[in-house]
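Secondary and tertiary structure notes
Spelled out, the chains give:
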Amino acid sequence: MADTIDNLLHETRRFPPSEEFAANAVAKADLYERARADRLGFWAEQARELLHWSTPFTTTLDWSNPPFAKWFADGELNVAYNCLDRHVLAGNGDRVALYWEGEPGDSRAITYAELTSEVKKAANLLTALGVGEGDRVAIYLPMIPEAIISMLAVARIGAVHSVVFGGFSAESLRARIDDANAKLVITADGGWRKGKVSPLKPAVDEALALDHGDGPADSVEHVLVVKRGDNDIDWVDGRDLWWHEEIAQVSDEHEAKPFGAEHPLFILYTSGTTGKPKGILHTSGGYLTQAAFTHKNVFDLKPETDVYWSTADVGWITGHTYVVYGPLANGATEVIYEGTPDHPEPGRWWDIVEKYQVSLFYAAPTAIRGFMKQGRQIPLARDLSSLRLLGSVGEPINPEAWIWYRDIIGGGRTPIVDTWWQTETGAIMISALPGVTTLKPGSAQVPLPGISIDVVTDAGEPVGPDEGGLLVVTEPWPSMARGIWGDPERFKETYWDRFKERGYYFAGDGARKDKDGEIWLLGRVDDVMNVSGHRLSTAEIESALVAHPLTAEAAVVGASDETTGQAVVAFVIIKDSQKSAAAAEDVASELRNHVAAQIGPIARPRQVYVVNELPKTRSGKIMRRLLRDVAEGREIGDTTTLADTTVMQVIATAVH
Ligand code: PRX
């Protein structure tokens, strides 16, 4: 980390907006002044301007029961109506909402009128299947239009979606289904990835049948299956239904009923510092306001002419806010792509940019660094001149990657917005405003208008210039999480107890404020890892490892990785009784595969080291800091608080 801070302190390149960009920019500098003068008035104005309210709200923020905020609470709206019907009614029904590109090269262009009609049918289908207001629907789909149609249909009828990333295992899916008591699962037979069909329905079958002594999943009444991969699948009569057969039988007329602004919209599970993922709850009016506001201003959206592409999967928060709700609320035209960036060849993303003349592009630094490695000739062989703005999300972008992104992908012209936010914040919180802010490579820069953020010491005092500290949000914001599903106490403990007296939200990130007061993110300060922009918990992987019969104890750390930001490195102790069994097999690959099967391939450790001891303090706490030193090949830090100070030498020798 020290290295990183030093490098960042020496980054002095600056990129002011071009005159032309600034003159035509959507965002104007006066947004900051307006928000500073009257923060709540500013958000109320955005909510009225950007959304259609069936019942106008009269109160903006109710913060009488912190940390559970209510925004625009007496207003009513329908989220799907805001993303669909109103654009059609405004005469934009023929505008393309989605350009969908399948990995094998098949494609569909879906207009706002068509998408509205598809969502109405799906809403009728959900109702016919007995899904009602407040019921939970699990969505486990590839990046196909039905993913977006399903989410909007659930929102339209006032049900609550829980999208589970298709890369998660049956075990992870089941845990999420049970936690939310989902009534329906929407899945596909399979989706295309890396040139072949990756099955999904079998994981749903397995998830629902799992029995850890508590019986199979009993909340799920139906499994609705989209035909995409054409792979063979098993079928449970009565439970399983084909999407295309059912949807053919319902009407495309459906009136969107308004719901209260605080009506739950979705639950999205994210990893925390314990083994159990947290179901982050978001509601309707405040979430959609900030989603629309940020999408419009941070991406400089001109809905009549831009083609926007966020490469995120709908299984992550970026896919919710910046693939579904933000862009569609703003009437944007967007690209969605089913497959991997490198299929059938490494330039696939850039082919898509060229094909659809993408103008606004949003991706993760890991992907950018991956392209850097493959070489500039690949993007340079495509016509990327349609691009006019680039975004980055999910992890810090190092200045080298930032400059490469701008020069090679953006032709040296495009602004780059480095956007900091989280599943819990619901929408972007820190970012430059294109056309207004002078850009600094490597820094997320400034809180958005209406957002109050600081970097503070352990005692909650603001840090001085160029000092590091903890990132906090000091005032409530419209798209903030409304809680953890079924566990309000955990919501308080995790995010609000650290700076309780001050009422700050603690983000779990370390940051530094530079001399201009701008913010540089320095990574997580808790036991959460960030691998390729995906959040993983050390505790969750450790508990998967100790669930294996060979393992007695396990400690997991995130070690720096050139491409993925961090990589999972595990240290395990084998049970004495299993030592002879372990000697006979490749323990590392067995355990790596076990984690992938338990949680999902994204959690597969890069390395598993078998050791005889773990470094522990006298009170028995594992000192991950020391394991991180070993995993990153550094000199081992201060070991004086270890119960047995020789342990680290033994571990280091075993590893190298
Ligand atoms: O550590 C921060 C990092 O990603 C975490 C949030 O992860 P998740 O909820 O999965 O959402 C990812 C997409 C918004 C944060 O706590 N993070 C996100 N964006 C940035 C970032 N770190 C540095 N710079 C960013 N722009």
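In this text, all values refer to a predicted model and were calculated from it rather than measured experimentally. (Residues numbered from 1 in each chain as written. Predicted model: local features only at pLDDT ≥ 70, side-chain atom pairs only at ≥ 80, totals over all residues. Heavy atoms only, no water.)

Considerations on the overall build of the protein chain
Where we set the bar: Secondary structure is summarised from DSSP: a helix means a run of H or I of at least four residues, a strand means a run of E of at least two, and numbering begins at the N terminus for each. Both definitions apply: the radius of gyration is a C-alpha atom measure, and the globule rule equals 2.2 Å times residues to the power 0.38. A 1.4 Å probe rolled over the protein chains alone gives each residue an accessible area, and that area as a share of the maximum for its type sets the label: buried under 20%, exposed over 50%, partly exposed in between. Throughout, a contact is declared for two residues whenever any of their heavy atoms are within 4.5 Å. For the purpose of counting charges, residues Lys and Arg are taken to be positive, whereas Asp and Glu are taken to be negative. His and the chain ends are not included. A charge is said to be at NZ when it belongs to Lys, at CZ for Arg, at CG for Asp and at CD for Glu.
Per the secondary structure count, the protein chain includes 23 helices and 30 strands. A globule of 656 residues ought to have a C-alpha radius of gyration of about 26 Å, and the protein chain, at 24 Å, matches this closely. Seen along its three principal axes, the alpha-carbon backbone of the protein chain occupies a region of about 75 × 65 × 55 Å. The burial tally for the protein chain puts 61% of its 656 residues in the buried class. Intrachain contacts of the protein chain at a sequence separation of at least 6 include 71% that bridge at least 24 residues. Within the protein chain, one finds 63 positive and 92 negative side-chain charges whose respective centroids are separated by 3 Å.

Considering the nonpolar core
Soluble globular proteins: nonpolar side chains tend toward being buried together. In plain terms, the rule: What is meant by a nonpolar core is a set of buried Ala, Val, Leu, Ile, Met, Phe, Trp, Tyr and Cys residues, joined one to another through side-chain atoms within 4.5 Å.
Counting residues in each nonpolar core, the largest one holds 187 residues, and the members touching the most others are L115, L152, F299, Y325, F361, L471 and I541. Sort the elements by how many residues they give to this core and helix 8 (residues 145–156) lands first, with 8 residues. Residues in contact with L115, not counting those within four places in the same chain, are L84, A97, L98, I110, I149, L152 and L328. Of all hydrophobic cores here, the second largest spans 20 residues; its members include F571, L627, V647 and I651.

As for the packing of aromatic side chains
Operational definition: Think of it this way: a Phe, Tyr or Trp ring, Trp meaning its six-membered ring, pairs with another when their centres are within 6.5 Å, and the plane angle makes it stacked under 30 degrees, edge-to-face over 60, tilted otherwise.
On inspection of all chains with the given rule, the structure shows 39 aromatic pairs. Seen from their ring centres, Y287 and Y325 are 5.7 Å apart, and the 80 degrees between their planes marks the pair as edge-to-face. Here Y287, found in helix 12 (residues 285–298), pairs with Y325, found in helix 13 (residues 317–329); they are 38 residues apart in sequence, far enough to count as distant. Y287 gets classed as buried once you look at its relative accessible area, which sits at 1%. The buried category is assigned to Y325, whose relative accessible area is 0%. With centroids separated by 5.5 Å and ring planes inclined at 55 degrees, the aromatic side chains of W350 and F361 adopt a geometry described as tilted. Of this pair, W350 sits in helix 14 (residues 348–356) while F361 is found in strand 18 (residues 360–363), placing the two residues 11 residues apart along the sequence. With a relative accessible area of 0%, W350 lands in the buried category. On the accessibility criterion, F361 (0% relative accessible area) is buried. Ring pairs connect the aromatic residues W63, F68, W477, F491, Y495, W496 and Y505, which therefore count as one cluster.

Things to note about the packing of helix 12 against helix 13
Inclusion rule: Axis lines are fitted to C-alpha atoms, over the contacting stretch for helices. Their N-to-C directions set the angle, which ranges from 0 to 180 degrees. Each angle gets one of four labels, with under 35 degrees taken as roughly parallel, over 145 as roughly antiparallel, 65 to 115 as roughly perpendicular, and the rest as oblique. Residue polarity is assigned by list, with Asp, Glu, Lys and Arg as charged and Ala, Val, Leu, Ile, Met, Phe, Trp, Tyr, Cys and Pro as nonpolar; anything else, Gly included, falls into the polar class.
Where helix 12 contacts helix 13, the axes come no closer than 8 Å and their chain directions differ by 85 degrees. Considered as vectors, helix 12 and helix 13 are oriented roughly perpendicular to each other. Contacts between helix 12 and helix 13 involve Y287, L288, A291, A292, T294 and H295 from the first element and H320, T321, Y322, Y325, G326, P327 and A329 from the second. Its residues placed into classes, the contact of helix 12 with helix 13 shows 8 nonpolar, 5 polar and no charged.

So, the site of the ligand
Quick note on the threshold: We call a residue near a molecule or strand as soon as one heavy atom of that residue lies within 4 Å of the molecule or strand. We define a polar contact as two N or O atoms separated by no more than 3.5 Å, with the added condition that, inside protein, one atom must be a possible hydrogen donor and the other a possible acceptor, whereas residues neighbouring each other in sequence contribute only through side-chain atom pairs. Per-residue and other accessible areas were derived by the Shrake-Rupley procedure at a 1.4 Å probe size, with only the shown protein chains allowed to occlude residues.
Lining the immediate surroundings of the ligand are 17 residues, of which D418, T419, T423, D509 and R524 lie closest. Taking T423, its side chain carries an N or O atom lying 2.5 Å from an oxygen atom of the ligand. In the environment of the ligand, an oxygen atom lies 2.8 Å from a nitrogen or oxygen atom belonging to the side chain of R535. The fraction of the free accessible surface of the ligand (540 Å²) that becomes covered by protein chains is 96%. In the shell around the ligand, the residues fall into 6 nonpolar, 6 polar and 5 charged.

Regarding helix 18 (residues 488–495)
The following threshold applies: By arc we mean the arc of the directions from the helix axis to the C-beta atoms, nothing more.
Of all the positions in helix 18, only R490, F491 and Y495 are classed as buried. Along the axis of helix 18, the buried positions cluster into a sector of 105 degrees, meaning they face one direction only. Residues of helix 18 that are buried sit in contact with strand 15 (278–283), strand 23 (483–484) and strand 24 (505–513).

Here we look at unusual backbone geometry
Cis geometry marks the peptide bond from P66 to P67; its omega dihedral reads 5 degrees. Note that P67 resides in the loop between strand 1 (61–62) and strand 2 (70–71). A cis geometry characterises the amide bond from H343 onward to P344, with omega recorded as 0 degrees. With respect to the helices and strands, the residue P344 is situated in the loop between strand 17 (333–337) and helix 14. Even without glycine at this site, F72 takes up a positive phi of about 55 degrees. Checked against the element boundaries, F72 lands in the loop between strand 2 and strand 3 (76–77). For F72, a relative accessible area of 0% puts it in the buried group. Although it is not a glycine, N181 sits at a positive phi angle of roughly 55 degrees. Along the chain, N181 falls in the loop between helix 9 (170–180) and strand 8 (184–188).

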